[in-house]
Each structure stands twice: as structure tokens, then as C-alpha cells.
Amino acid sequence: MIEVRNLSKHFGDKKAVDNISFKAENGEILGFLGPNGAGKSTTMNILTGYISSTQGKALIDGIDILENPIKAKAKIGYLPELPPLYMDMTVKEYLNFIYDLKKCKLPKNSHLKDICNLVKIDHVFNRMIKNLSKGYKQRVGLAQALVGNPNVLILDEPTVGLDPNQIIEIRSLIKKLGKNHTVILSSHILSEVQAVCDRIVVINEGKIVADDTEDNLSKALDNEHKILARIDGEKDKVLACINELDDVVECSVDTMSEENVWVYRIEAKQGADIRRKLFTCMAENGFYILEMKSSELSLEDIFIKLTMGENLSPISSNKEVEN
Amino acid sequence: MGAIFRREVLSYFTSPIGYIFLAAFYASSALFFSIYSLEQGSTKLDVVFGQLMLILVVLIPILTMRTISEEKKNKTDQCLLTSPVSLFGIVAGKFLAAFLIYVLGVAITLVYAVVVSVFASPDWTVILGNVVGLSLLGAAFISIGIFCSSFTENQMVSAVVSFVVLVVLYLFSTIAGLIPVEFIKKILTSLSFLERYSGFTYGLFDLSNVLFFISTVVVFLFLTVRVLERRRWA
């Protein structure tokens, strides 16, 4: 179990982490999501005792990382952003070194073999780390975190540098590990967090902006029913027609996509489905609906919404339209 | 500590540094041995030991330049600092590994003593005292080198800084001679590594000199731990 209470870290004047608190229970995979420079790695470095916090506490299975670092660190497996590999060692030497460093009590050979099978590095076991590809280095880094079978796994962007097949493998591995470990995983890849994590903590500029399951996050933010429609017709007339429809709360013109074709964002009342009405109305007035889709919030939108605040930029809406 | 010690020793021999250090040490000590002992027909090795101090000023920075700076550069310190090992354990492991390589170098002087003993019996106690003195001096230099290495990510910077520091320490007694103020002169002389080490080469086994070098080691290893600690709080 990991518990963070009112944690802050200042680098000079900059508040890298600003008074955050969260908890991860046993058997839970917590996704740590945020744009670059949001404070994800800093938080993880504090949790693992690499740097200290300015304020607040970080508890690993109830042990304070600053008060009793050696005992707390023994419970953590950490894969930093850049895997901490010694390039002049073979995988075998390196994992043996980590095993000794962590003062493991498990049977050495079989334990290391199990880990290598798990992350699929058994066939490069005797090769020098510097000769391995980035994906394999990442896996050796993951293997290093798993040595000693620690209760808590802290993984900083674990799938960086892997090819798509490997990413799927590693994700399913993390899911498997999550059943009997506490896992904290940071990422700025939304689909990854979506695929792997039970709970998501979104962090931006050092502050937690959301902490919930993905479903709840979508629900909380997606409280209005929106439609995006691409309609061929004179802009003002179309707009007037739409605004006359029942249940329409607001309609705005987004962009012109082709000659005389505009994209409209239509917001309806809660629970109302206006798609059929819209179709009939447009057909009656001689306008052509070229495309119509409901714009449900994906994790991507949640992320942008949470991290950009009110300034939902036109760039994001344009993208949605083009998609 | 054991794991770090073993890894460090291994890395001295998987990288060229261990070989370069030992080769340079063996070559220069052999040169001094042949010039000051064999050529002179003398059984005394004290001049050889005396000259070796200057060699250490150059070679120890090579031995210690990467100890901590390379870990910082490759971010492998993240692995060490998040493992259940104390900071002192990390620093001590690194110190002992460098010291072991150094002792492998110093051991060559015993071979020279054996060579001398073929011609005439040398004064074994004096030679032993010299070996102990050289080892202690090296230990003190290594701790200073590791301390310098903890400040930077760059091996070259680390090597140059420790080289400059060691040169200054080497020149302490010379600097002391230039200072007219009596009590500063006294302080500098008592801190002079050259003076302290010369005691050993003269065949004097003074406990205060032994303690001087041991406390230097302790102080600089402690300061290195503080530097690492402080960085976490920065």
C-alpha cells in the first residue's frame, strides 16, 4: 500500500509538486497521468526515496520513506524514466548485482530465471547491456524492479521505446503483477493508462486535478450531450434551423471544411437525443448532412480538459473534426 | 556494501581504468626502483617510496574520477539510492574497491624488496613501514578523489579538480615556507601530506601520522555522504 499525504516539493521557487495526497491499495494499479513536466517523475522519485520532499509524508506499507528509508526501500521495485543500467555488465551480472544490492532472500538462480522468463529476456541473459536494443534495455530495467518480488512497484513510463507487440506484452504483464502488488504507473500515453489502470490520478503543474476511475471521470465531465455535424448549406440558415429545434441548448459553427460545408457543434439538453430531429429538419430545408457523430468525451478529452482548464483550444476541436 | 564493492572491482577491470592505473603505477615505480636502487647499488627503498607520492597525485584522480560522477551521468545512482543500502554503505563500497586496486599496485613494492634481498638483506621493518605509509597516503588521496567525484557528472572535471586539490595538498609544506605568519605556517605544516608521509619514508612509524591519514579518509568519506545527502534535499 502506498499513501501520500500533503506532499510538496519545491525546486527553488518552482513548485514541482504542490500539496498532493492519494492512496493506492494492495492489488491496485494506479495510473499517474499528466503532461510532460507535470511532476510525475518528481513524485515517483520522492516515493522511492531518491529525493526528499519539501513537505508532507510518503508511506510505503505504513513505513515513512524518510524516517525509515532502508526498510521502506526494501519494499519497492522502481523503474525510473531512464532504466538505471550499467552498460559494462552482462544482463546476468547486472541482475546478480541487483539481487545482492537488494539483499534478497529468495533462491537466487530460480528467482532470476523466473523474472527473465516473465519479461522475456532469457535469451539475452549473457549479453552485454550496452549491446541491447532500447526495448530490451527497458525490459532489463523492468526485470531489475521485479528482483526481490517487492510489494510495491513504481514504474515511470514503462513502455517507452517498445514496439507495439512488446507494449501489449508488457501491459498484460503489468496487469498480471497488479493482482498481488501495488502498482503505480506513470504515463502521458492515455490509451496505456486506460488499458491498464484501475484508477487514474491526473496531475498538472504539480497539482492533482482528478483522482477517480476512468468511467467516473468521463461521467463527471461529460454532463452534456453534444453532437458534431458537418452540414452542406448556407451557414446562417442552417444555424437558424438548428436553433429552432426543441431541446437544443446551444449551437456554434466550428470551421469550414469544404466550400459551403461547415462543422457545427450542437449541444442538447441532458438525456435528449436530437439526431433524428436534426436529420428531418435538415432534409426538409434542403441541407445535406455529410457527417454526424456524438462527441463523447474520451480519456483524451478528459485529459485535455483537465490539464488545459477553461482554455479548450480550437486545436483540439479541429482535430476532433478531422478525425 | 558488499554488492557495490564487487561491482566496482569488476568494473575497474571491464573498463580500461584498472589496467591503465596498474600499468602506469608499475611502470613508474619500476623506473624509480631501477634508478634509485638498482643503479645506485643501494638496498634502501625510501627514495623510491618518496618519489611515488608525486605519481599518486597524478594517478589517483584517474582511479577515482568516475566513481560517483559516472553513476550520476548514467542515472544509475537512482538504482543505488533507491535500494535498501545506506549512503555510507554506497560510498564505503566504492572506496574499498578503489583501495583494493590501489593496494594491488602498492604490492609491487614488496616484489622490489624481494629483488633487493637477493643482493643484500634490506631492513624489512622500514620497508613494511613504508608500504603501510604508502597505503595510508593512497587511501587518503582516494577519499579526496571520491569526494571530488561526487560534485560533478563529468569524469574529466572530476579528474582535473581532484588533481588540482592533490597538487595543492602536495605543496602545502612549500606554501607554508612562503608564509611569514608563524601560526598559519604551523597549521599548514601539520596538515602537509608530504611532511606526514616523509615520516614513513625516513623509517619513522609515528602513530599520529597514521591517525592523520585515517582521519582524512573518514572525514572525506563523511563529506561525500553529506554531498549525496544534500543533493536529495536540494
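Residues numbered from 1 in each chain as written. Chains lettered and ligands numbered in written order. Predicted model: local features only at pLDDT ≥ 70, side-chain atom pairs only at ≥ 80, totals over all residues.

Enquirer: Quick one: what's the story with the pairing of strand β4 (residues 55–60) of chain A, residue by residue and with numbers?
Expert: Residue and element names in this part refer to chain A. Sheet topology note: the strand β1 (residues 2–11)/β4 ladder contains 5 bridges and is antiparallel. Bridged to Val4 within β4 is Ala58. Relative to strand β5 (residues 63–64), β4 runs antiparallel, the two sharing 2 bridges. Across the sheet, residue Leu59 finds its bridge partner in β5, namely Asp64. Linking β4 back to β5 in an antiparallel pair, the connection comprises 2 residues, with Asp61 at a positive phi of about 50 degrees. (Pairing = 2+ DSSP bridges. Helix = DSSP H or I, 4+ residues; strand = E, 2+ residues; numbered from the N terminus.)

Enquirer: A description of the sheet that holds strand β3 (residues 29–33) of chain A should follow, citing residues and the corresponding values.
Expert: Either a parallel or an antiparallel arrangement is found when strands of a sheet pair, and the pairing is made through backbone hydrogen bonds. Residue and element names in this part refer to chain A. Taken together, 6 strands build an open sheet; the order of strands is β6-β7-β8-β3-β9-β10 and the sheet is mixed. Edge positions in the sheet fall to β6 (76–79) and β10 (207–212), since each has one partner strand and no second. The average undirected angle you get between the axes of adjacent strands in this sheet is 15 degrees. As paired strands, β3 and strand β9 (residues 199–204) are joined by 4 bridges and run parallel to one another. Along β9, the bridge assignment pairs Leu33 with Val202. Against the sheet, helix α5 (residues 134–146) engages β6 and β7 (152–156), with an angle of about 165 degrees to β6. Taken strand by strand, helix α6 (residues 164–178) contacts β3, β7 and β8 (182–187), and its axis lies near 150 degrees from that of β8. (Axes fitted to C-alpha atoms, helices over the stretch in contact; angles between N-to-C directions. Contact = placed C-beta atoms within 7 Å.)

Enquirer: Can you lay out the sheet that holds β5 of chain A for me, pointing to particular residues and giving the numbers?
Expert: All names here are of chain A. Strand order in the open sheet formed by 4 strands is β2-β1-β4-β5, with antiparallel pairing between adjacent strands. Every interior strand has two partners, whereas the edge strands, β2 (14–24) and β5, have only one. Bridging between β1 and β2 involves 7 bridges; their strand directions are antiparallel. Note on β2: the bridge partner recorded for His10 is Lys15. Against the sheet, helix α1 (residues 40–47) makes contact with β1, β2 and β4, and its axis sits at roughly 120 degrees relative to β1, the strand it touches most.

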